[in-house]
Amino acid sequence: MVMRDFIKEFPKHIDHAIKIAEEAQIFINTRKINNILISAQGGSSIAGVMIKNIFNNNLSVPIIINQDYKIPKFVDDKTLFIASSYSGNTEETLSALDKAIAKNCTIIAITSGGELLRVSKQKGFDYIILPSGGAPRAMLCYSLVQLLYIISKLFLSSVDSLKLELETIKHYLISNQDNIEAKSNIIADKLVHKMPFIYTFPEFEGVALRFKQQLNENSKRHACYNIIPEMNHNEIVPWVNKMSCVIPIFLNGLTSSRNIKRMDFSIKKISKNVESFIEIENTELNYLGQYFYLIHLLDFVSLILAERDEISPNDIILINELKEKLNKIN
């Protein structure tokens, strides 16, 4: 499948991902868990950032995202360590896994195969197998839904309401997909020859980071992102200058009333000094629905930009060259 097919199939992935999650055998004693560490990189790690957003106000234990060969010192036998690597061979994740094993963490693996699956079977860890054959970023829905289910099952007792929400989101995205793609074309029109500065709320940081990464990998373009209110304490200042080569993009959604006022002020002031700006929101869906909607819409934007520039969204030559170089160094 080409990247367009994967992006178009994103809503349908929800059904398959739910089935995998429901069949997964996860046996964890959560009474001894004090924190959750999700260790992943690239297309696998973005689901972790999203989970941290989504459950931020619902969990009594913290979620930490680990993107390194090492793990934090606080990690111990009361840590739930989730190793997520689509290929199963991500060297940073495997290195972190070794250290988590040494610390006697409770471990769950999410992967399509590779060394991570082999080690999990050998050590008797709980694991979830994802479908193989796609780029990690193209399989986001699978890893995201698995994490949603794991956290909901273990710490929130029930997944019934989650399943209903996900099915509602799937139907909405499918029935509105033509409109979503049409809107993404309009957004892409405004991004021609402009560098995006993406701004959103803490509740949607994963969406902003995902869009940046999709522009990097699919579109071969640079992009920046920041969070309101943090950007109001620093990055808002340079916008007093007239700028013609950049375009601010505001991702709106459910947040606190103070943050809404901050975004309104930021748009009002910044829009005076740029040729154009983009504000994206969906008022028809709840928070989780808005999250999935923005992912789907902005994935299409990155794809359309690649198609217009006649470049392959699948080409990640520098990443592959680096992996080959590192494989030769022991």
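This text gives an overview of the structure that appears in the document.

## Let's talk about the nonpolar core
Within the largest apolar cluster, 84 residues are counted, with the highest numbers of intra-cluster contacts made by L166 and F292. Ranked by residue count, the leading element in this core is helix 11 (residues 287–308), at 14 residues.

## Overview of a nonpolar patch on the surface
Among the surface-exposed residues, Y69, L322, L326 and I329 lie close enough to one another that they form a single nonpolar patch of about 370 Å² accessible area. Inspection of the secondary structure assignment puts Y69 in the loop between strand 2 (63–66) and strand 3 (79–85).

## Thoughts on helix 7 (residues 160–175)
Residues spaced three or four apart along an α-helix face the same direction, because each turn holds 3.6 residues. Taking 1.5 Å per residue as the helical rise, helix 7 with its 16 residues ought to reach 22 Å, and the 23 Å between its terminal C-alpha atoms agrees with that figure. For helix 7, the secondary structure elements touched by its buried residues are helix 2 (10–23), helix 6 (140–155), helix 8 (177–190) and helix 11.

## Quick word on the sheet that holds strand 2
Spatially, the five strands line up as an open sheet ordered 2-1-3-4-5, and their pairing is parallel. Edge strands, defined here as strands with exactly one partner in the open sheet, are strand 2 and strand 5 (126–129). The sheet shows a mean angle of 15° between the axes of neighbouring strands, taken without regard to direction. Bridging between strand 4 (residues 106–111) and strand 5 involves four bridges; their strand directions are parallel. The residue bridging A109 from the neighbouring strand is Y127, located in strand 5. Packing of helix 4 (residues 91–102) onto the sheet brings it into contact with strand 1 (35–39), strand 2, strand 3 and strand 4, and relative to strand 3 it is tilted by some 160°.

## Digging into the sheet that holds strand 9 (residues 278–280)
With parallel pairing, four strands are arranged side by side in an open sheet as 7-6-8-9. Because the sheet does not close on itself, it has two edges, and the strands there are strand 7 (224–227) and strand 9. Ignoring strand direction, the axes of neighbouring strands in this sheet form an average angle of 20°. With three bridges joining them, strand 8 (residues 246–251) and strand 9 adopt parallel strand pairing. Counted as the bridge partner of F250 is E279 from strand 9. Relative to the sheet, helix 10 (residues 257–270) contacts strand 6 (195–200), strand 8 and strand 9, its axis offset from that of strand 8 by approximately 160°.

## Some thoughts on empty space enclosed by the protein
Evaluated as defined, the whole model comprises two cavities of 30 Å³ or more. In this structure, the largest cavity spans a volume of roughly 50 Å³. In terms of lining, the largest cavity is formed by M3, F6, I7, F10, R137, A138, L140, R210, Q214 and D299. Of all the secondary structure elements, the ones that give two or more residues to the lining of the largest cavity are helix 1 (3–8) and helix 9 (205–217).

## Description of the packing of helix 8 against helix 11
Packing of helix 8 against helix 11 brings their axes to within 8 Å, and their N-to-C directions diverge by 55°. One element, helix 8, and the other, helix 11, form an angle in the oblique class. The element helix 8 and its partner helix 11 pack so that their crossing is right-handed. Seen from helix 8, the contacting residues are Q177, I180, E181, K183, S184, N185, I187, A188 and D189; seen from helix 11, they are Y293, H296, L297, F300, V301, I304, L305 and R308. Per-class residue counts for the contact of helix 8 with helix 11 are nine nonpolar, four polar and four charged.

Cut-offs and rules
- Residues numbered from 1 in each chain as written.
- Predicted model: local features only at pLDDT ≥ 70, side-chain atom pairs only at ≥ 80, totals over all residues.
- Heavy atoms only, no water.
- Core = buried A, V, L, I, M, F, W, Y, C linked by side-chain atoms within 4.5 Å.
- Buried < 20%, exposed > 50% of the residue type's maximum accessible area, 1.4 Å probe, protein only.
- Helix = DSSP H or I, 4+ residues; strand = E, 2+ residues; numbered from the N terminus.
- Patch = residues over 30% accessible without salt bridge, like charges linked within 9 Å, V, L, I, M, F, W, Y side chains within 5 Å.
- Areas by Shrake-Rupley, 256 points an atom, 1.4 Å probe, with all protein chains shown as cover.
- Salt bridge = Lys/Arg side-chain N within 4 Å of Asp/Glu carboxyl O.
- Expected span 1.5 Å × (residues − 1).
- Contact = heavy atoms within 4.5 Å.
- Pairing = 2+ DSSP bridges.
- Axes fitted to C-alpha atoms, helices over the stretch in contact; angles between N-to-C directions.
- 1 Å grid on protein atoms, 1.4 Å probe; cavity = no way out; pocket = protein on both sides within 12 Å on 5 of 7 lines; lining within 4 Å.
- Points joined across faces, edges and corners; volume = space filled by probe spheres on them.
- Parallel < 35°, antiparallel > 145°, perpendicular 65-115°, else oblique.
- Left-handed = near helix turned anticlockwise from the far one by under 90°.
- Nonpolar A, V, L, I, M, F, W, Y, C, P; charged D, E, K, R; others polar.

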